[in-house]
Amino acid sequence: MITVLGASGFVGSEVVRHLERSGADFDAPPRDADLRGRDLGHVIYCIGLTSDFRERPYDTVDAHVCKLLEIVRNCTFESLVYTSSTRLYIGEEGVGREDNDLRVNPLQPEDIYNLSKATGESIALSLGTKGRVARLSNVYGPEQRHNFLSMIVEEALTRGAITLRSALSSERDYVSVADVAMLLVKIALQGTQRIYNVVSGENLTNGEVTAAIAKVTGCTVTVLPDAQPVIFPRFDNTRVRTEFDFTPARLLEDLPSLLESRA
């Protein structure tokens, strides 16, 4: 049995749909459910904050750390997969690999996100062979809101114009939410490693993404004069490719259907 925590969120709800399609035995308890004393089977922990963590620092720690501690202390389970983030590789000069040392600085207010995710990872990994970590890159899908990709798609569809506040050379790794859901279930049931990068393994620039959107919608693209490049390192996905025979979806190929679903 698989228990999906955070099942009402973007990633968690896709995990639920994946499990429904596969006919798996699962539970998706509501946010305020009392889980004390329950056997949760294989746990997929999708509780977390993303774009609003800057305005809600304490809620961020509560979601990434405190709720996890409640589960670890009060429930039994066969395994637990903690969904983390490739933001932990920010500042990495080379390729982001699972065994790399991480850089965090409590003097930087934005690092509360990375610090809380790193703490959550430590708690999960302290479980020994029961605990695993999945570091997700920029997840995309029809229901995603309030991140960079969803905002420029919305601008293209509603205004016919995209205004970029970061340079065209800025680049990110984008991974499909359907791929994420499939991999999280496989990691929960079959994973042999402690940490996995759940990523496409390929960075796309703002220029490539906005050009593809403009080709479909006919929108214009403007870059603010003071726009600076925001460049994430490339993330290695060898573990998920080799262990689960994973071939990632491609954002540029998915953009037409993504735009159609949002129109």
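Preceding this paragraph is the structure being described.
My aim in this report is to walk through the structure given alongside it, one point at a time. What you are looking at is a predicted structure, and each value in this text was computed from that prediction instead of being measured.

Considerations on the pattern of salt bridges
For the coordinates displayed, the defined rule picks out 13 salt bridges. A salt bridge links Arg-17 to Glu-143; its shortest N-O distance comes to 3.7 Å. Note that Arg-17 is positioned in helix H1 (residues 10–22) and Glu-143 in the loop between strand E6 (138–140) and helix H4 (148–158), a separation of 126 residues in sequence. Arg-17 sits in the partly exposed class, given a relative accessible area of 27%. A salt bridge links Arg-250 to Glu-202; its shortest N-O distance comes to 2.5 Å. With Arg-250 in the loop between helix H7 (238–244) and helix H8 (251–262) and Glu-202 in the loop between strand E9 (195–198) and strand E10 (203–205), this pair connects stretches of sequence that are 48 residues apart. Here Arg-250 falls in the partly exposed class, since its relative accessible area comes to 36%. Judged by relative accessible area, Glu-202 falls into the partly exposed class, the value being 36%. Bridged by salt links that share partners, the residues Glu-14, Arg-17, Arg-21 and Glu-143 form one connected network.

Some points on the state of the cysteines
Tallying each qualifying case throughout the model produces zero disulfides. Left without a disulfide partner, Cys-46 is nearest to the cysteine sulfur of Cys-75, which lies 16 Å away. Of all cysteine sulfurs, the one in Cys-66 lies closest to Cys-75, which takes part in no disulfide; the gap is 15 Å. The class for Cys-75 is buried, based on a relative accessible area of 8%.

What counts and what doesn't
- Residues numbered from 1 in each chain as written.
- Predicted model: local features only at pLDDT ≥ 70, side-chain atom pairs only at ≥ 80, totals over all residues.
- Heavy atoms only, no water.
- Salt bridge = Lys/Arg side-chain N within 4 Å of Asp/Glu carboxyl O.
- Helix = DSSP H or I, 4+ residues; strand = E, 2+ residues; numbered from the N terminus.
- Buried < 20%, exposed > 50% of the residue type's maximum accessible area, 1.4 Å probe, protein only.
- Disulfide = S-S within 2.5 Å.

Just distances and angles here, no functional claims.
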